[in-house]
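Architecture and fold: a report
Residue strings, one per chain:
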Amino acid sequence: AQTVTQSQPEMSVQEAETVTLSCTYDTSESDYYLFWYKQPPSRQMILVIRQEAYKQQNATENRFSVNFQKAAKSFSLKISDSQLGDAAMYFCAYRRVAGSAYNQGGKLIFGQGTELSVKP
Amino acid sequence: GAVVSQHPSRVICKSGTSVKIECRSLDFQATTMFWYRQFPKQSLMLMATSNEGSKATYEQGVEKDKFLINHASLTLSTLTVTSAHPEDSSFYICSARGSFGTEAFFGQGTRLTVV
């Protein structure tokens, strides 16, 4: 079974600084998706960034980038120029590539989460 | 991105009663919907996966008769908590995905309090 592990329950960063959140996963699949989701105090889940396993290039979305190490099964999130609005719970998630539209391959497997605080 | 609307956002019900939570995809056809439960400061726990027109697939340990899931159309899924008890109090979140989409979109969540 696939598992996702976030070993940092809490992290803190100074405003405008850079922080890296760690995530490791375990799978026997060769093709899959990895995600980072943000859950602010409103508890709305927001997709931050997505990585396809077959792509070697690390995904980037503005101030957010990932370091995807497929052989090491590691998927860390780097937040640059941290802002107060980045304070939230961050979840790493894994999903198999669905073989068809109607199977459970689409279900997300979440890590335990990392609570990020941003100090002004 | 696509919009998923979950209603109600908060509900308080008496112990022993049933409560229904709706999850609607507003601008796409959701072939698959997922229902999660989340306790404070914890991760999302998948309860069940539903495909339109089919019976839901429940995760191990989730009571099918207590948490009834219906996915009768491509835009609506409902979760009914039957004979609710205080231990069912939690935050429930739905997400929806289209046929060939990579991403699942999340509803705003429902905070259920059973008194």
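Look a little higher up for the structure.
Residues numbered from 1 in each chain as written. Chains lettered and ligands numbered in written order. Predicted model: local features only at pLDDT ≥ 70, side-chain atom pairs only at ≥ 80, totals over all residues. Heavy atoms only, no water.

A word on the side chain of arginine 43 of chain A. In this fold, arginine 43 of chain A is placed in the loop between β5 (32-39) and β6 (46-52). Despite being buried, arginine 43 of chain A has no salt bridge partner; glutamate 115 of chain A is the closest side chain of opposite charge, sitting 11 Å away. In terms of polar contacts, arginine 43 of chain A uses its side chain to reach the side chain of glutamine 38 of chain B, at 3.2 Å. Leaving out residues up to four positions away in the same chain, arginine 43 of chain A has contacts with Gln38, Phe39, Pro40, Phe91, Gln108 and Arg111 of chain B. (Helix = DSSP H or I, 4+ residues; strand = E, 2+ residues; numbered from the N terminus. Buried < 20%, exposed > 50% of the residue type's maximum accessible area, 1.4 Å probe, protein only. Lys, Arg positive; Asp, Glu negative; His and termini not counted. Salt bridge = Lys/Arg side-chain N within 4 Å of Asp/Glu carboxyl O. Polar contact = N/O pair within 3.5 Å; in protein donor to acceptor, adjacent residues only side chain to side chain. Contact = heavy atoms within 4.5 Å.)

Let us look at the sheet that holds strand β8 (residues 76-81) of chain B. Residues and elements named next belong to chain B. As summarised here, the arrangement of the four strands in space is β1-β3-β8-β7, forming an open sheet in which the pairing is antiparallel. Here the strands that pair on one side only, and so sit at the sheet edges, are β1 (4-7) and β7 (67-73). Along the sheet, successive strands turn relative to each other by an average axial angle of 15 degrees, direction set aside. Pairing of β1 with strand β3 (residues 19-25) involves four bridges; the strand directions are antiparallel. Residue pairing for β3: serine 5 is matched across the bridge by arginine 24. (Pairing = 2+ DSSP bridges. Axes fitted to C-alpha atoms, helices over the stretch in contact; angles between N-to-C directions.)

In this structure the tally under the stated criterion is 15 aromatic pairs over all chains. When the ring of phenylalanine 68 of chain A is compared with that of phenylalanine 75 of chain A, the centres are 6.3 Å apart and the planes differ by 80 degrees; the resulting orientation is edge-to-face. We classify phenylalanine 75 of chain A as buried; its relative accessible area is 0%. Both rings, one in tyrosine 36 of chain B and one in phenylalanine 106 of chain B, keep their centres 6.0 Å apart while their planes meet at 35 degrees; by these two values the pair is tilted. Placement of the pair is tyrosine 36 of chain B in strand β4 (residues 32-38) and phenylalanine 106 of chain B in strand β10 (residues 105-106), with a sequence separation of 70 residues. Given a relative accessible area of 0%, tyrosine 36 of chain B falls into the buried group. (Phe/Tyr/Trp six-rings, centres within 6.5 Å; stacked < 30°, edge-to-face > 60°.)

This next bit is on the pairing of strand β11 (residues 110-114) of chain B. All names here are of chain B. Of the two faces of β11, only one is covered, namely that formed by Thr110, Leu112 and Val114; the face formed by Arg111 and Thr113 stays uncovered. In the sheet, strand β2 (residues 10-13) pairs with β11 via four bridges, with the strands oriented parallel. Following the sheet pairing, arginine 10 is matched in β11 by arginine 111. Where strand β9 (residues 90-97) lies against β11, three bridges are found, and the strand directions are antiparallel. For phenylalanine 91, the partnering residue across the bridge sits in β11 and is arginine 111.

On to the environment of proline 86 of chain B, then. All names here are of chain B. You can see proline 86 is positioned in the loop between β8 and β9. For proline 86, a relative accessible area of 43% puts it in the partly exposed group. Residues proline 86 and arginine 24, 62 residues apart in the sequence, show an inter-C-alpha distance of 26 Å. The residues touching proline 86, leaving out its near neighbours within four places in the chain, are Ser15 and Val114.

Below, the discussion takes up the state of the cysteines. Working definition of a disulfide: a covalent bond connecting the sulfur atoms of two cysteines. Under the criterion given, the structure shown has two disulfides over all chains. One disulfide bridge connects cysteine 23 of chain A with cysteine 92 of chain A, the sulfur atoms lying 2.0 Å from each other. In this structure the cystine formed by cysteine 23 of chain A and cysteine 92 of chain A twists about its S-S bond by roughly -70 degrees; its chirality is therefore left-handed. Here cysteine 23 of chain A, found in the loop between β3 (19-21) and β4 (24-26), pairs with cysteine 92 of chain A, found in strand β10 (residues 88-96); they are 69 residues apart in sequence, far enough to count as distant. The two residues cysteine 23 of chain A and cysteine 92 of chain A agree in class, both being buried. Unpaired in this structure, cysteine 13 of chain B has its nearest cysteine sulfur neighbour in cysteine 94 of chain B, at a distance of 18 Å. On the basis of relative accessibility, which here comes to 9%, the residue cysteine 13 of chain B falls in the buried class. (Disulfide = S-S within 2.5 Å.)

Turning our attention to the interface of chain B and chain A. With 29 residues of chain B in contact, the opposing surface of chain A contributes 24 residues. Buried area between chain B and chain A, both sides added, is near 2200 Å², and the carbon and sulfur share of it is 50%. For the pair chain B and chain A, the interface holds three salt bridges. With a shortest N-O distance of 3.4 Å, lysine 107 of chain A and glutamate 59 of chain B are connected by a salt bridge. Contributions of two or more residues to the side of chain B that touches chain A are made by β4, β5 (44-51) and β9 of chain B. In terms of residue class, the side of chain B that touches chain A is built from 10 nonpolar, 13 polar and six charged. (Buried area = accessible area lost by both parts, 1.4 Å probe. Nonpolar A, V, L, I, M, F, W, Y, C, P; charged D, E, K, R; others polar.)

Geometric values such as these leave the question of function open.
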